[in-house]
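# Descriptive analysis of the structure
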Amino acid sequence: MQYSRLARQIRKIVGKDAVLDQPEDLMLYEYDGGVDRGTPDIICFPQTTEHVSKIMQLATKAGVPIVPRGAGTGLSGGSIARKGGIVLGFSRMSKILEIDIANQRAIVQPGVVNLDLTHAVESQGFYFAPDPSSQKACTIGGNVAENSGGPHTLANGVTVNHVTGLEVVLPDGRIVEFGSKANDACGYDLTGFFVGSEGTLGIATKITVRLTKLPEAVATMLAVFNTIDDAANSVVAITAASITPAALEMLDGWTLRTVEAATPAGYPLDSAAVLLIELEGLREAVDENADIVRNICMKVGAREVRLAANEAERQRLWSGRKNAFGAVGRISPSYYVQDGVIPRTRIPETLRHIDSVSKKYNLQIGNIFHAGDGNLHPLILFDPRDADQTARTIAAGREILEFCVSVGGSITGEHGVGMEKLNEMCVMFSEDDIEVMTRLRNVFNPKSILNPQKVLPTTRSCRETNAGDHPSLHGPVNASAPATSAHGAD
Amino acid sequence: MPADLALAPAHSIADEMKSIVGAANLVGPPVERRNKKRNRKDRRLGTRDEAPLGSYAIDEVVPVAVVSPGSEEEIAAILRIASERDYVVVPTGGMTKQNIGYVPDRIDILLRMNRFNKVEHYDAGDLTFGAGAGMTISDVQQTLAANSQMLPLDPMLPDRATVGGVLAANAHGPMKSGFGGARDYCIGVHFVTADGKIAKGGGRVVKNVAGYDMMKLMIGSFGTLGVITSANFKVFPAPLQTRTFVCAFASLAEAIAFRDRVLASPLQPMCVEINSPRAQEYLAAPAAPRDPDHHHAPVRLENYSSWNVLVRASGSDAVLNRYRQELGAAVTREIAAADEKQLWTRISNDEKQLWTRISNFEPTVIDRHRNGMVINVSVSIADVQSALQAAEDSAIEHNLLCASIGRITAGALVIAFMPLAVDPPSAMQFANAASSLRGRLPRDASAHVLRCPKESKSRFDVWGTTPTDLEMMRSLRASMDPHGILNRGRFLA
Ligand SMILES: Cc1cc2nc3c(=O)[nH]c(=O)nc-3n(C[C@H](O)[C@H](O)[C@H](O)COP(=O)(O)OP(=O)(O)OC[C@H]3O[C@@H](n4cnc5c(N)ncnc54)[C@H](O)[C@@H]3O)c2cc1C
Ligand SMILES: Cc1cc2nc3c(=O)[nH]c(=O)nc-3n(C[C@H](O)[C@H](O)[C@H](O)COP(=O)(O)OP(=O)(O)OC[C@H]3O[C@@H](n4cnc5c(N)ncnc54)[C@H](O)[C@@H]3O)c2cc1C
């Protein structure tokens, strides 16, 4: 078959030890952090931009799909080879090429792990602001592709706010530059447009990122509530009081109890919800705002508000939040994470709606999310071996996302559309919207050999979806792998 | 286009447009129609908000028809006809930035967005806001001020500049230092493509990665990818009180060393702006235009020899005290808003007025010198000093005067070249000054001309170079506007 020939050709480019094509190796790359699966035919690990360019040319000539893959922690199936083909891994393109403190920039290869960059610049008083909870593993290439956020992106912005330049390889092998170390380049902002394109426009081979100064002062607080409405209303009140915390996270009662069982962080077991609030900046401003936030929470009905007295206490409060997904993974065979966004003022009613969905489908749903920007992460627990439960899970997830859109929100705040939410795109965007985006994709990736069948649904599948026919319940739109074969999201 | 050829389509363009938007929303050619010769009085009665076509000229190119559509559907219909018939369309807001770019090939339809001037949604509790593309920045700020909120967008001429125009030109003001640019807080955009598709990107929530980021593509596209009809923003609480700390330095190098201290400090100012010695003359008191072809010494003869860095801070008294402590002896003057309690002895003047003048630097220069040139320079932070020095040197080399301001912690500079008090400059002089400035900038810098005499535009490249792949830009433009009807000849021609 053509793949064995392709594998030979790719070995000539990247070296013998940088290509995998045996079934037992391929199996390891069937999934990412989400629920979808697909088996690639070849996995290879380029070491230079030129390698990437040559492989792209080969793939284009052969007409086979190419799927870029960072650490595979994505939650929407972005790095899954749903039509087979070549997976490009970046574990050998993981160098920090330049740290330029005077310009507050670094230039990195795509395989650099998010937290490693922060570690490399911390001693000079800087860090890389986007901090997905997966930051110990996920790559900056993946962050760029997904436009990832994190608990601390509320005040500082998501990945796109921290990328000013890119070197990109296009499917035809052309190597192009977008932007630079400067904030703006004259002409179209192709850097900004590329970020969040989920590996469907090109491969990022060099990334110029902004480095952010470490704050002088940090205050971390835990606000404890007897009702979930009070917690939600506190988020609304904090926003309305013109305070933008660095982080504003919420855990509901079920989730915080599950978390406490795995990682004792000191969340009161009998509470209905907690808010984890962090303020950063100038010492004077942090002190004042901490008082204001405490007063707001108490006024809205918090049972207590604790302020971490030292770094150890701060770390302990965060440990629960950071290990939450793992904690849920301990008690359920699998879970399905949603990523809908709502206007912050609608949090109370949305949480009530999620509760009703949970009852309707008879599923346990935990809520842990970036409350400050209205980015929900309902965790729907299910057993993938139970077909009926799996189907109910998907239906429940879709109902939640549709509710988010109905109150003026979005189907995804940071995890991306990938293959998982392809059909939900039609809930948010019209056929014309999607046609225009497809046109733009075709400029970069005309034959869609690069990460095919991601982000943009076809007009036909949109019509089917909107007619109430959810393809993922009946089988994949057009894929070689089942769209919903379940897998733990951890 | 020869005048005799222009006449025939002129009638039909106006008629076609009238059938879409109605006579009241059209300014057509003032030519006699068959026997019904319209006199002045008739025309005045016919349409109200109507200026003669000539007043809409861009670089002396007069549009054939000026159209004010009232809906996205009408825009789509106009653009479909234009695509079919090869009419060149120029979308406009307040016409404050129409001197940017090359001289238009021709203007068949000037598409005014003035009827798209409404608030689309405003959720104050959520700090999100959406406005029609034709809403002026002043109206936006006024709406938000009712809830003590603001958009950190402070471009020139806010009474005329519109949301759509400011986004399309990626215009910025001093607040870019503290809040970033439109790309950092524009969260949704609606637009119509050249072939008449009504489309959108983003949404109304502050965090959203569904679909491609159409906002980024539209911001800075100078109307060549589509007609923006509305945009949504993340808005910000208005500061309770602000102060401006003026720090004067004997040299550019000292000013930049001070900036580096601010950057290294924990301070988070709203604005960090530099004023070159000569810029202060224009900011001091925007004088009435006099003989516009020559430089005049300022009326109040002051000795503008320092490089000033202006640090604008907001926050409580404690926070402002911290600024005083950190900035220390560098502060020569502190300015508060006139309506605020005066805390400190060296306070003077009205702070808000000062920042408005900084925003309006470009029109102030051009009011005084019809033949002035203003350039937008974007460089990395570490190259700010050499870029400002390059501007001074290039001016001297080509017998011009130079005044510079800019956001020195963001690398966004505005540089003006003005004629000396001798003969009016030749067109080539400006072209050469721009070239010599660009020649001194690092490779990854951009320097595009915001304004210069029309005669100079044909002598050099007003856009300059960019690190971003030009071929890619051209292909994107072609995919969104296959016939090149939007702003033909002005950008990526
Ligand atoms: C426990 C857990 C917690 C998480 N928490 C967060 C969170 O807080 N916030 C958040 O935003 N996300 C979170 N995620 C999701 C995920 O970690 C992020 O999306 C991350 O950015 C993915 O990076 P990755 O290296 O794993 O990329 P992958 O999953 O390997 O790939 C993601 C996408 O990027 C593309 N891609 C990878 N490299 C390149 C490249 N060089 N050029 C072009 N495209 C490329 C892939 O094709 C794919 O479409 C979490 C995931 C897990 C498992
Ligand atoms: C947004 C945008 C729109 C554009 N639109 C058009 C268009 O409509 N039509 C068109 O023909 N081209 C356009 N261009 C293309 C672009 O201007 C030229 O391709 C590019 O400037 C190179 O052209 P050049 O080599 O002829 O001129 P350059 O040599 O680049 O510019 C002319 C002068 O500037 C000096 N110079 C400029 N930059 C530098 C530098 N970095 N280092 C040293 N010297 C420099 C040169 O010394 C020379 O004297 C556009 C570019 C951008 C960014």
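The structure presented is a predicted model; accordingly, all values stated were derived computationally and were not measured.

Glancing now at the site of ligand 1. All names here are of chain A. As a structural note, the neighbourhood of ligand 1 is formed by 35 residues, with P68, G70, T73, S134 and T139 the closest of them. Separating an oxygen atom of ligand 1 from a backbone N or O atom of G142 is a distance of 3.5 Å. S148 places a side-chain nitrogen or oxygen 2.7 Å from an oxygen atom of ligand 1. Relative to its unbound accessible area of 970 Å², ligand 1 is 97% covered by the protein chains. Those elements that provide at least two residues to the shell around ligand 1 are strand 3 (66–69), helix 5 (140–146) and strand 10 (203–210). A per-element tally of the shell around ligand 1 places helix 5 first, with five residues. Among the residues making up the shell around ligand 1, the classes are represented as twelve nonpolar, 19 polar and four charged.

On to the site of ligand 2, then. Around ligand 2, the surrounding shell holds 15 residues, and the nearest of these are D461, G464, F491, L492 and A493 of chain B. Bordering ligand 2 are residues originating from chains A and B. A distance of 3.3 Å is found between an oxygen atom of ligand 2 and a side-chain nitrogen or oxygen belonging to S435 of chain B. Backbone polar atom of A493 of chain B to an oxygen atom of ligand 2: 2.4 Å apart, as the coordinates give it. If ligand 2 stood free it would expose 940 Å²; the protein chains cover 63% of that surface. For the shell around ligand 2, the per-class residue count stands at seven nonpolar, six polar and two charged.

We now examine the interface of chain A and chain B. Facing 81 residues of chain A, the contacting portion of chain B comprises 72 residues. Regarding the contact of chain A and chain B, the summed buried area is about 6400 Å², with carbon and sulfur atoms giving 56% of it. At the junction of chain A and chain B, the tally comes to 13 salt bridges. Its salt-bridge partner being R174 of chain A, residue D469 of chain B comes within 3.5 Å of it at the nearest N-O pair. Summed over the shared surface of chain A and chain B, the number is 35 residue pairs in polar contact (both at pLDDT 80 or more). Those elements that provide at least two residues to the side of chain A that touches chain B are strand 9 (175–179), helix 7 (190–194), helix 8 (228–240), helix 10 (283–300), helix 15 (425–428) and helix 16 (431–444) of chain A. Here the side of chain A that touches chain B is composed, by residue class, of 32 nonpolar, 29 polar and 20 charged.

Looking now at the packing of aromatic side chains. All names here are of chain B. Evaluation of the coordinates by the stated rule reveals 15 aromatic pairs over all chains. Look at Y185 and F236: their rings are 6.2 Å apart centre to centre, the planes differ by 85 degrees, and that puts the pair in the edge-to-face class. Taken together, the residues Y185 in helix 7 (residues 182–185) and F236 in strand 11 (residues 236–237) connect sequence positions 51 residues apart. For the pair F222 and W463, a centre-to-centre distance of 4.8 Å together with 65 degrees between the ring planes defines the contact as edge-to-face. Here F222 is found in the loop between helix 8 (214–218) and strand 10 (227–234), whereas its partner W463 is found in the loop between helix 16 (454–457) and helix 17 (470–480), with 241 residues between them in sequence.

Residue and element names in this part refer to chain B. With eight of eight residues buried, strand 18 (residues 400–407) lies mostly within the body of the structure. Of the two faces of strand 18, the one holding L400, C402, S404 and G406 and the one holding L401, A403, I405 and R407 are both buried throughout. As judged from the three bridges shared by strand 13 (residues 271–275) and strand 18, these two strands associate in the antiparallel manner. In the strand pairing of strand 18, E273 is matched with R407. With eight bridges joining them, strand 18 and strand 19 (residues 412–419) adopt antiparallel strand pairing. By the bridge assignment for strand 19, A403 is matched with A416. In this structure, the hairpin formed by strand 18 and strand 19 is closed by a connection of four residues, where G411 is found at a positive phi of approximately 75 degrees.

Next up on the list: the nonpolar core. Core analysis: the largest hydrophobic core is formed by 190 residues, its most contacted members being M214, F361, V377 and F417 of chain B. In contact with F417 of chain B, other than residues within four places in its own chain, are G372, M373, I375, A391, S394, A395, L400, L401, C402, F430, A433 and L437 of chain B. By size, the runner-up hydrophobic cluster in this structure holds 44 residues, among which are I243, L279, C297 and V305 of chain A.

All names here are of chain B. One can read the domain layout of chain B as domain 1 (3–112), domain 2 (119–237), domain 3 (239–289 + 301–359) and domain 4 (363–462). Taken residue by residue, the interface counts 22 residues in domain 3 and 21 residues in domain 4. Both faces combined, the contact of domain 3 with domain 4 buries some 2000 Å², and carbon together with sulfur accounts for 63% of it. Our count for the contact surface shared by domain 3 and domain 4 stands at two salt bridges. R407 is the partner of E273 in a salt bridge, and the nearest nitrogen-oxygen pair spans 2.9 Å. If you look at where domain 3 meets domain 4, you find nine residue pairs in polar contact (both at pLDDT 80 or more). Secondary structure elements with two or more residues in the side of domain 3 that touches domain 4: helix 9 (252–264), strand 13, helix 10 (277–284) and strand 14 (307–314). Residue composition of the side of domain 3 that touches domain 4, by class: 16 nonpolar, two polar and four charged.

Further remarks concern the domain arrangement of chain A. Under the domain assignment, chain A is made up of domain 1 (2–89), domain 2 (96–213), domain 3 (217–321) and domain 4 (328–487). Placing a centre on the C-alpha atoms of domain 1 of chain A and another on those of domain 3 of chain A gives a separation of 43 Å.

Next up on the list: the pairing of strand 10 of chain B. Residue and element names in this part refer to chain B. Counting buried positions along strand 10 yields seven of eight residues, so the element is predominantly enclosed. Across five bridges, the pairing between strand 6 (residues 128–132) and strand 10 is antiparallel. Bridging across to strand 10, T128 finds its partner in K234. In the sheet, strand 8 (residues 186–192) pairs with strand 10 via six bridges, with the strands oriented antiparallel. Along strand 10, the bridge assignment pairs C186 with F233.

So, how was this worked out
Residues numbered from 1 in each chain as written. Chains lettered and ligands numbered in written order. Predicted model: local features only at pLDDT ≥ 70, side-chain atom pairs only at ≥ 80, totals over all residues. Heavy atoms only, no water. Near = heavy atom within 4 Å. Polar contact = N/O pair within 3.5 Å; in protein donor to acceptor, adjacent residues only side chain to side chain. Areas by Shrake-Rupley, 256 points an atom, 1.4 Å probe, with all protein chains shown as cover. Helix = DSSP H or I, 4+ residues; strand = E, 2+ residues; numbered from the N terminus. Nonpolar A, V, L, I, M, F, W, Y, C, P; charged D, E, K, R; others polar. Contact = heavy atoms within 4.5 Å. Buried area = accessible area lost by both parts, 1.4 Å probe. Salt bridge = Lys/Arg side-chain N within 4 Å of Asp/Glu carboxyl O. Phe/Tyr/Trp six-rings, centres within 6.5 Å; stacked < 30°, edge-to-face > 60°. Buried < 20%, exposed > 50% of the residue type's maximum accessible area, 1.4 Å probe, protein only. Pairing = 2+ DSSP bridges. Core = buried A, V, L, I, M, F, W, Y, C linked by side-chain atoms within 4.5 Å. Domains from an automatic or database assignment.

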